[in-house]
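Observations on the model geometry
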2 protein chains.
Amino acid sequence: MSRRTRNILFIMCDQLRADHLSCYGHPKLHTPHIDALAARGVIFDNAYVQSPVCGPSRMSYYTGRYMHSHGVSWNFVPLKAGEMTIGDHLRPLGVRSVLVGKTHMRGDASGMSRLGIDPDSQVGVRIAECGFDPYERDDGIHPYSGHDPDPSYHRYLREHGFQGDNLWEEWANTVVDKDGTFRSGWYLRYSNLPARIPAEHSETAYTTGRAMDFMREAGDQPWLCHLSFIKPHWPYAAPAPYAGMYTPEDALPVVRSDEELRDPHPVYAAMTHHRVSRTFAQPGIRDAVMVGYMALVKQIDDEMGRLFAFMQERGLLENTMIVFCADHGDFLGDHWLGDKELFHQPVIRTPLIICDPDPRADATRGTRCQALVEAVDLAPTFLDVHGGNPVPHVMDGRSLRPWLFGKPPAQWRDIAVCECDYSFQDARIELQQPPIESWMRMAFDGRWKYVLCEGYRPMLFDLQSDPQELHDLGASEAPEHVDQRRRLHEALFQWARRPRQRVTVSDELIESTEVQARISENGILIGYADEADLVAQRKLFKPRYASHNPLVKETLDRLTREPYLAHAQEGTGA
Amino acid sequence: MSRRTRNILFIMCDQLRADHLSCYGHPKLHTPHIDALAARGVIFDNAYVQSPVCGPSRMSYYTGRYMHSHGVSWNFVPLKAGEMTIGDHLRPLGVRSVLVGKTHMRGDASGMSRLGIDPDSQVGVRIAECGFDPYERDDGIHPYSGHDPDPSYHRYLREHGFQGDNLWEEWANTVVDKDGTFRSGWYLRYSNLPARIPAEHSETAYTTGRAMDFMREAGDQPWLCHLSFIKPHWPYAAPAPYAGMYTPEDALPVVRSDEELRDPHPVYAAMTHHRVSRTFAQPGIRDAVMVGYMALVKQIDDEMGRLFAFMQERGLLENTMIVFCADHGDFLGDHWLGDKELFHQPVIRTPLIICDPDPRADATRGTRCQALVEAVDLAPTFLDVHGGNPVPHVMDGRSLRPWLFGKPPAQWRDIAVCECDYSFQDARIELQQPPIESWMRMAFDGRWKYVLCEGYRPMLFDLQSDPQELHDLGASEAPEHVDQRRRLHEALFQWARRPRQRVTVSDELIESTEVQARISENGILIGYADEADLVAQRKLFKPRYASHNPLVKETLDRLTREPYLAHAQEGTGA
């Protein structure tokens, strides 16, 4: 069989809800190209991210580690220099891992300085790019805010004749009202208006084109290309013709109930007070946003079509695993919330489609997998594809390839875990919580969703009887609810105490070594009573270690000669 | 007041039980010099280490972080490159931190290689020395086993006329039997015999001398000297005259009962099967070891006398905080165990004496402090002494200076936590546990000691009714015991889930920043409905951030002009 997986195209959308793809059930928003990918691969119906926030979620994808392990708890928190990412794991296997698009990563300048690493060195640049080699970095949004003030997207627009001081702001993020008035794409009310930028020069198209450039230039070295779209993340400004494709009637109905606001959980309540939540509750806002959001998704789907056709022409579909996923979803007004910082399904359940050209994956093409999978499973999957040994002492996730090959592992996880540090949010200020107490952690078993909130009562949702998550049972005294909370609380403890920082020694090394025997055979004689004891024990030695060092053998020989006497050399003390 | 603390002498003994100092109550072993230090400072009666094993415990002392945080779970596990130690924290404050003696640290070669750090560079050398600058490294024990094959102690012995291939083995670790026969100091049966090495050239004396050398040479820069003795760790070979000072009758009686071996906890049982435990149970072995152990402690006390007199002559007692502690204790046959890898008091309760010359500490001189303190409190204390801001996002411990100054903090910890990874022990092999499940964690509140063992029932001891810890209540169904186990189990969960890896952003920075306001003022406009919304919000801005970047102000000005129209420059798309 000629099909062999040698490359990985790791596509990530930002803030894309699973339910906004037609293969995940959206009734009006048709995404035929993504659906076609799914038909060639596997749809994971229960894929969860490790954090509802871009930065932490992405670091979990890149490291295969929970936020609790890698420590990046929000967007401005640098991944500490030394944390291994997928690029670091694949590099020794001869794989080139590149970034095309967004990562939302800030380099750990202080760590680099302490370790004497020049930020402009190859290692320094990788640290600032999440371990990827740079190819095209574009974090989108406002280019003043610590991002590259003149990203290559600006240079591209200039080359294509666009003019202005801040081309992103003035073209990609400016929309045109019906009367020709320019409006800022930041304003949610105008999300239904077309962006000034023509579709073919928009961020989504530009980024796709850069991935094609990479594939053209990649040569023979196996690669992992992390194609990371900024959209459909806000600003929700979509270009024509997408901006006009959908009406508010095409949108999924908003999911919220007045009951949610009666005696709400304090952290939830504080989040409904965030500006973005209040804005989404204003008349007309959600309708406008849904039009823009659907348009942006539709455009991504078209770009996927263009990209996959390009890859097919070049024979890349035959040897490239394609992963399509998102860093998290978007409340879009559901549950009286905007943006993303809680654990409801629209935010933490994300699309995950994997198409593996390996013939062993033929068994599952076009199927849906119901296993509880997590963002941390991607890095172990990539390592698996490239033939690396699993590194469970580093990565919290597990390879998904057994699922792709139709050979599910005998044991799999019972809960998905998602974490949120709201220290950086106004909710913390409103609640006057210290940062270290501004944490929430979710354990979800596919039916019961338990949320442990430091300093407050937990939340609990039963997705079987309440699939829309409108009834918080966190304070319910019904015995079943008390039991479920207790069970998931304990499951979260098991999760929390799992050792995750002994990253410098592998389980494999420990299991393959009789450490104590090795120590003895190295001449460190712990707990031996006397010569006879060592003589007896020595017969049981497998002297593979000591044999590396003839001095050790000589010493042991001397020490087991009874009595140890004549051969101690006679020197004289001063 | 002229007394001001500008230096820190951080003295650590290896494997020294608290109850083997007369100031901690040993009836026969008099340690007048250490007692005199205690009389000038504070004795901490409830000081606990974070692991019963050298390497992990030391890394907790050096980093101020639990084993769960720093990841070094046993002796051969390198501290990952990037973890900050006390040397890293003090260096920016102008303090030189040096190591004199043992650290039991292996450098993270793979991490350094990945980060492009030359192991021979200054940074590389520090990484291999736990963040200290090297002065005198001597990890003792067998110099073949990955340790320096020709340590400077060997060179010293050669210079003083000692002869041999392996001077440590042949002099420091060889004892002389009554008939003149040489015996190896490794054998426990001969621990009561004098070492060949004269006391003044023994490791303890040599290491003390090197600390004096450092103080002579240190100059004006404030320093932290980590004086780290190898003794009274095994081999228990003490030189004359110490070797002859004590008899087995002077030793504390062995603490063990037959009941402990009836229906024992499986992990405990496996540890009683370790060779060292079986050897300690043989007739005569403990008697011999106690003679050697007490002798080694007595020698350390005499060396402390020599050192403190030296410091007094040079006026160093006036400006140097002196800390005397241990990395853990030693079972010495108690509980049918040898060595150290469980959580009984003889192992995890360690001496901690702090003498701070600061006049504010005059209030507590000669007193005993009953607070539950931990090894992780030392690094924060040292940072405090040198005027550094607390770093609770990095260090798990807290400064002990308030206790020294007689101003106890309003809130203090409720439990001490100690962790043990027995992956590297024969117990794991006997129990056939995978490494990730070979963990035990203790929560001790001063009375109840709870031990959570992965895969097994917990242990529980009530030190009020059972101060010798002979009755494991881990399986007891008495309601009080069930309640205490549940309470400490939950306390351990609170401890385990505390975020400890967000080390690149401080709590202080988060608390001092209205992050969301800052984001808006930087031009990232999340959740604004329209121009009027931004106009209204903008009046509430404290435009300190935007003001750093005039472009942001211009953009915001333009975006709040209603309608945003005329100033968007007219370029033309390609």
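Residues numbered from 1 in each chain as written. Chains lettered and ligands numbered in written order. Predicted model: local features only at pLDDT ≥ 70, side-chain atom pairs only at ≥ 80, totals over all residues. Heavy atoms only, no water.

1. Examining the overall build of chain A
Filter applied, for reference: Helix numbers and strand numbers start at the N terminus; a helix is a DSSP run of H or I with at least 4 residues, a strand a run of E with at least 2. The cut-offs for exposure are 20% and 50% of the maximum accessible area for each residue type, with area from a 1.4 Å probe on protein chains only; residues under the lower value are buried, those over the upper are exposed, and the others partly exposed. Residues are treated as being in contact if the distance between any of their heavy atoms lies within 4.5 Å. Charge assignment: positive for Lys and Arg, negative for Asp and Glu; neither His nor the chain ends contribute. A charged residue contributes its charge at one atom only: NZ of Lys, CZ of Arg, CG of Asp or CD of Glu.
A count of helical and extended segments in chain A gives 21 helices and 16 strands. Viewed in the frame of its principal axes, chain A has a C-alpha envelope of about 105 × 60 × 55 Å. Scored against the burial criterion, the 574 residues of chain A give a buried share of 67%. Counted over contacts in chain A with a minimum sequence separation of 6, partners at least 24 positions apart contribute 71%. Mean positive and mean negative side-chain charge positions of chain A (62 and 79 charges, respectively) differ by 3 Å.

2. Here's the deal with the confidence of the model for chain A
All names here are of chain A. The cut-off we apply is this: Every residue is assigned a pLDDT by the predictor, reflecting its confidence on a scale from 0 to 100.
Of the residues in chain A, 94% have a pLDDT of 70 or more, and the chain-wide mean is 93. Below a pLDDT of 50 lies the segment residues 566–574, which in the model reaches 24 contacts outside its immediate sequence neighbourhood of four places, other chains included. This prediction of the complex comes with two scores: 0.95 for pTM and 0.94 for ipTM.

3. A short note on the environment of B:Phe405
Residues and elements named next belong to chain B. In this fold, Phe 405 is placed in the loop between helix H15 (401–404) and strand E13 (416–421). What makes Phe 405 buried here is its relative accessible area of 13%. Setting aside chain neighbours within four positions, we find Phe 405 in contact with Asp 356, Asp 358, Arg 360, Ala 361, Ala 363 and Thr 364.

4. As for helix H20 (residues 531–538) of chain A
Inclusion rule: Arc definition: directions from the helix axis to the C-beta atoms.
Three or more residues of H20(A) are buried, namely A:Glu531, A:Asp533, A:Leu534 and A:Gln537. Buried residues of H20(A) fall within an arc of 160° about the axis and therefore sit on the same side. Contacts made by the buried residues of H20(A) are with helix H21 (550–560) of chain A together with strand E7 (182–184) and helix H11 (275–280) of chain B.

5. Here's the deal with the interface of chain B and chain A
Quite often, the size of an interface is put as the accessible area lost when its parts meet. The criterion, for reference: We define buried area as the total accessible area lost by two parts upon association, computed with a 1.4 Å probe and summed across both. When a carboxyl oxygen of Asp or Glu lies within 4 Å of a side-chain nitrogen of Lys or Arg, that pair is called a salt bridge. We define a polar contact as two N or O atoms separated by no more than 3.5 Å, with the added condition that, inside protein, one atom must be a possible hydrogen donor and the other a possible acceptor, whereas residues neighbouring each other in sequence contribute only through side-chain atom pairs. Amino acid classes used here: Ala, Val, Leu, Ile, Met, Phe, Trp, Tyr, Cys and Pro are nonpolar; Asp, Glu, Lys and Arg are charged; the rest, including Gly, are polar.
With 121 residues of chain B at the interface, the matching set in chain A holds 121 residues. Of the roughly 10600 Å² buried between chain B and chain A, counting both surfaces, carbon and sulfur atoms make up 58%. At the boundary of chain B with chain A, the tally comes to 10 salt bridges. The partner of B:Arg189 in a salt bridge is A:Asp530, and the shortest N-O contact between them spans 2.7 Å. Here chain B is connected to chain A by 42 residue pairs in polar contact (both at pLDDT 80 or more). Of the residues contributing to the side of chain B that touches chain A, the split by class is 52 nonpolar, 39 polar and 30 charged.

6. Points about the domain arrangement of chain A
Residue and element names in this part refer to chain A. As a reminder of what qualifies: For each domain, the first and last residues come from an automatic or database assignment.
Parsing chain A into structural domains produces domain 1 (7–238 + 250–413), domain 2 (418–497) and domain 3 (507–572). Each of domain 1 and domain 2 has a C-alpha centre, and the two are 25 Å apart. In this complex, domain 1 contributes 35 residues to the contact, which on the side of domain 2 involves 34 residues. A buried area of about 2900 Å², summed over both sides, lies between domain 1 and domain 2, and 67% of it is on carbon and sulfur atoms. The largest contributions to the domain 1 side of the interface with domain 2 come from His 68, His 265 and Phe 343, which together make up 23% of the buried area. Taken together, the connections running from domain 1 to domain 2 amount to 0 salt bridges. Counting the contacts that link domain 1 with domain 2 gives 15 residue pairs in polar contact (both at pLDDT 80 or more). Take the side of domain 1 that touches domain 2: its biggest share by element is 5 residues, from helix H10 (residues 266–272). When grouped by side-chain class, the residues that make up the side of domain 1 that touches domain 2 number 19 nonpolar, 11 polar and 5 charged.

7. Side note on unusual backbone geometry
All names here are of chain B. The omega torsion across Lys 231 and Pro 232 is 5°, close enough to zero to call that bond cis. Relative to the helices and strands, Pro 232 resides in strand E8 (residues 223–232). Each neighbour pair has its own omega, and for Ala 240 with Pro 241 the value is 5°, a cis peptide bond. In this fold, Pro 241 is placed in the loop between E8 and helix H10 (266–272).

8. Comments concerning the pairing of strand E4 (residues 96–101) of chain A
All names here are of chain A. Which entries qualify depends on this criterion: One requirement defines pairing of two strands: DSSP has to find at least two bridges between them.
Along E4, 5 of the 6 residues are buried, which leaves the element largely enclosed by surrounding structure. In terms of strand pairing, E4 meets strand E8 (residues 223–232) through 6 bridges, oriented parallel. Bridging across to E8, Ser 97 finds its partner in Leu 224. Two strands pair when backbone bridges link them, and E4 and strand E5 (residues 133–137) are joined in this way by 4 bridges, in the parallel orientation.

9. Description of the sheet that holds strand E13 (residues 416–421) of chain A
Residues and elements named next belong to chain A. This is how it is decided: To define axes, lines are fitted to C-alpha atoms, for helices over the stretch in contact only, and angles between the resulting N-to-C directions are given on a 0 to 180 degree scale.
One open sheet holds the 4 strands; their spatial order is E13-E14-E15-E16, and the pairing between them is antiparallel. At either end of the open sheet lies a strand with only one pairing partner, and these are E13 and strand E16 (459–462). Going from strand to strand, the sheet's axes swing by 15° on average, the running direction of each strand aside. Pairing of E13 with strand E14 (residues 439–444) involves 6 bridges; the strand directions are antiparallel. Pairing of Val 417 across the sheet is with Ala 443, part of E14. Most of the contacts of helix H17 (residues 479–497) go to strand E15 (residues 448–453), to which it runs at about 65°, and overall it touches E13, E14, E15 and E16.

10. Notes on the environment of A:Lys340
All names here are of chain A. As for its position among the elements, Lys 340 is in the loop between strand E9 (320–326) and helix H13 (345–348). Judged by its relative accessible area of 3%, Lys 340 is buried. For Lys 340 and Pro 52, which are 288 residues apart along the polypeptide, the C-alpha to C-alpha distance reads 5.9 Å. Each residue touching Lys 340, except ones within four places of it in the same chain, is listed here: Gln 15, Pro 52, Cys 54, His 233, His 328, Gly 329, Phe 331 and Val 347.

11. Some remarks on the sheet that holds strand E1 (residues 7–14) of chain A
All names here are of chain A. What the 8 strands build is an open sheet, ordered E5-E4-E8-E1-E9-E10-E2-E11; its pairing is mixed. Across the chains shown, the open sheet's two edge strands, defined by having one partner strand only, are E5 and strand E11 (367–369). Ignoring which end each strand starts from, the neighbouring axes of this sheet average 15° apart. Running at roughly 55° to strand E10 (residues 352–355), helix H1 (residues 32–40) makes contact with strand E2 (42–44), E9 and E10 of the sheet. Its contacts with the sheet put helix H2 (residues 54–63) on E1, E8 and E9, and the angle it makes with E1 is roughly 165°.

12. Observations concerning the packing of aromatic side chains
Quick note on the threshold: Pairing of aromatic rings covers Phe, Tyr and the six-membered ring of Trp, with a centre-to-centre limit of 6.5 Å; geometry is then stacked below 30 degrees between planes, edge-to-face above 60, and tilted otherwise. Lysine and arginine charges are scored as sitting over a ring when NZ or CZ, respectively, is within 6 Å of the ring centre and within 35 degrees of the ring normal.
Under the defined criterion, the tally for this structure stands at 39 aromatic pairs over all chains. Pairing A:Phe10 with A:Tyr61 gives two aromatic rings, centres 6.0 Å apart and planes at 50°, and the pair type is tilted. Of this pair, A:Phe10 sits in strand E1 while A:Tyr61 is found in helix H2, placing the two residues 51 residues apart along the sequence. The class for A:Tyr61 is buried, based on a relative accessible area of 3%. For the pair A:Tyr187 and A:Tyr190, a centre-to-centre distance of 6.1 Å together with 85° between the ring planes defines the contact as edge-to-face. Through a chain of ring-to-ring contacts, the aromatic side chains of A:Phe10, A:Tyr61, A:Tyr62, A:Phe132 and A:Phe382 assemble into a single cluster. Here the guanidinium or amino end of A:Arg196 rests over the ring plane of A:Trp171, the centre of that ring lying 3.6 Å away. The residue whose ring lies beneath B:Lys449 is B:Phe444, and the NZ or CZ to ring-centre distance is 5.2 Å.

13. What to know about the relation of the copies chain B and chain A
Operational definition: Here the copies are matched by least squares. The fit uses the C-alpha atoms of residues with pLDDT of at least 70 in both.
When chain B is fitted to chain A, the best match, at an RMSD of 0.0 Å, comes from turning it 180° and sliding it 0.0 Å along the axis. The superposition of one copy onto the other is thereby described by a two-fold rotation axis.

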